[in-house]
Amino acid sequence: KFPQLLSCSIEAKLKPTVQWLSDIGVGEAQLAKVIVTFPALLGYSLEGNLKPTVQALRDQGLGEAEVTRMLTTFPALLGYSPKRLANRMDVLAAQGRLA
């Protein structure tokens, strides 16, 4: 699913990403599911991609538990740009599917 994973540095890339996921509330069992479901996230930049995407969810008024639930339910959200994520959230809100 993500052959580039083989070229990622464990110390510089993989450990920090896994630690960050844990820090934002993704539990061990959930962490395995998130990585298996969306392994490409391990190749994303923490500062350039992952953190801004999670911040965009928070900026939509979601709490920590809601953000964690969304990421463990649909890990591909981590691949969305903040702008795309905001657009998707606006569509869901307009449809009444987002409280």
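In what follows, the structure referred to is the one given above.
Below or above, wherever it landed, is the structure these notes cover. Model, not experiment: these values are computed from the prediction. (Residues numbered from 1 in each chain as written. Predicted model: local features only at pLDDT ≥ 70, side-chain atom pairs only at ≥ 80, totals over all residues. Heavy atoms only, no water.)

Digging into the environment of Val-67
- Note on placement: Val-67 falls in helix H4 (residues 64–73).
- The spacing of Val-67 and Gly-25 is 42 residues in sequence and 8.9 Å in space, taken between C-alpha atoms.
- In contact with Val-67, other than residues within four places in its own chain, are Val-54, Leu-57, Arg-58 and Leu-62. (Helix = DSSP H or I, 4+ residues; strand = E, 2+ residues; numbered from the N terminus. Contact = heavy atoms within 4.5 Å.)

Regarding the packing of helix H3 (residues 46–59) against helix H5 (residues 82–94)
- For the pair H3 and H5, interaxial distance at closest approach is 9 Å and the crossing angle is 30°. By the angle class used here, H3 and H5 are roughly parallel. Note that H3 runs across H5; the crossing there is right-handed. Between H3 and H5, the contacting residues are Pro-52, Thr-53, Ala-56 and Leu-57 on the first element and Pro-82, Leu-85 and Met-89 on the second.
- In the contact of H3 with H5, the residues fall into six nonpolar, one polar and no charged. (Axes fitted to C-alpha atoms, helices over the stretch in contact; angles between N-to-C directions. Parallel < 35°, antiparallel > 145°, perpendicular 65-115°, else oblique. Left-handed = near helix turned anticlockwise from the far one by under 90°. Nonpolar A, V, L, I, M, F, W, Y, C, P; charged D, E, K, R; others polar.)

Some remarks on the pattern of salt bridges
- Following the criterion strictly, the structure yields two salt bridges and no others.
- Linking Lys-51 and Glu-47 is a salt bridge whose minimum nitrogen-to-oxygen distance equals 2.8 Å. Of this pair, Lys-51 and Glu-47 both sit in helix H3, four residues apart, which is roughly one turn of that helix.
- Classification of Glu-47 by relative accessible area gives exposed; the value is 57%.
- For Glu-64, the salt bridge is made with Arg-58, and the minimal N-O distance between the two is 2.9 Å.
- Using a relative accessible area of 27% as the deciding quantity, one classes Arg-58 as partly exposed. (Salt bridge = Lys/Arg side-chain N within 4 Å of Asp/Glu carboxyl O. Buried < 20%, exposed > 50% of the residue type's maximum accessible area, 1.4 Å probe, protein only.)

Re the packing of H3 against H4
- At a minimum axis separation of 10 Å, H3 and H4 run at an interaxial angle of 125°. Of the possible angle classes, the one that applies to H3 and H4 is oblique. Considering how the two elements wind past one another, H3 and H4 form a crossing that is right-handed. In this structure, H3 contributes Val-54, Leu-57 and Arg-58 to the contact, and H4 contributes Glu-64, Val-67, Met-70 and Leu-71.
- A per-class count over the contact of H3 with H4 returns five nonpolar, no polar and two charged.

Take it as geometry only, folks, not as evidence of what the structure does.
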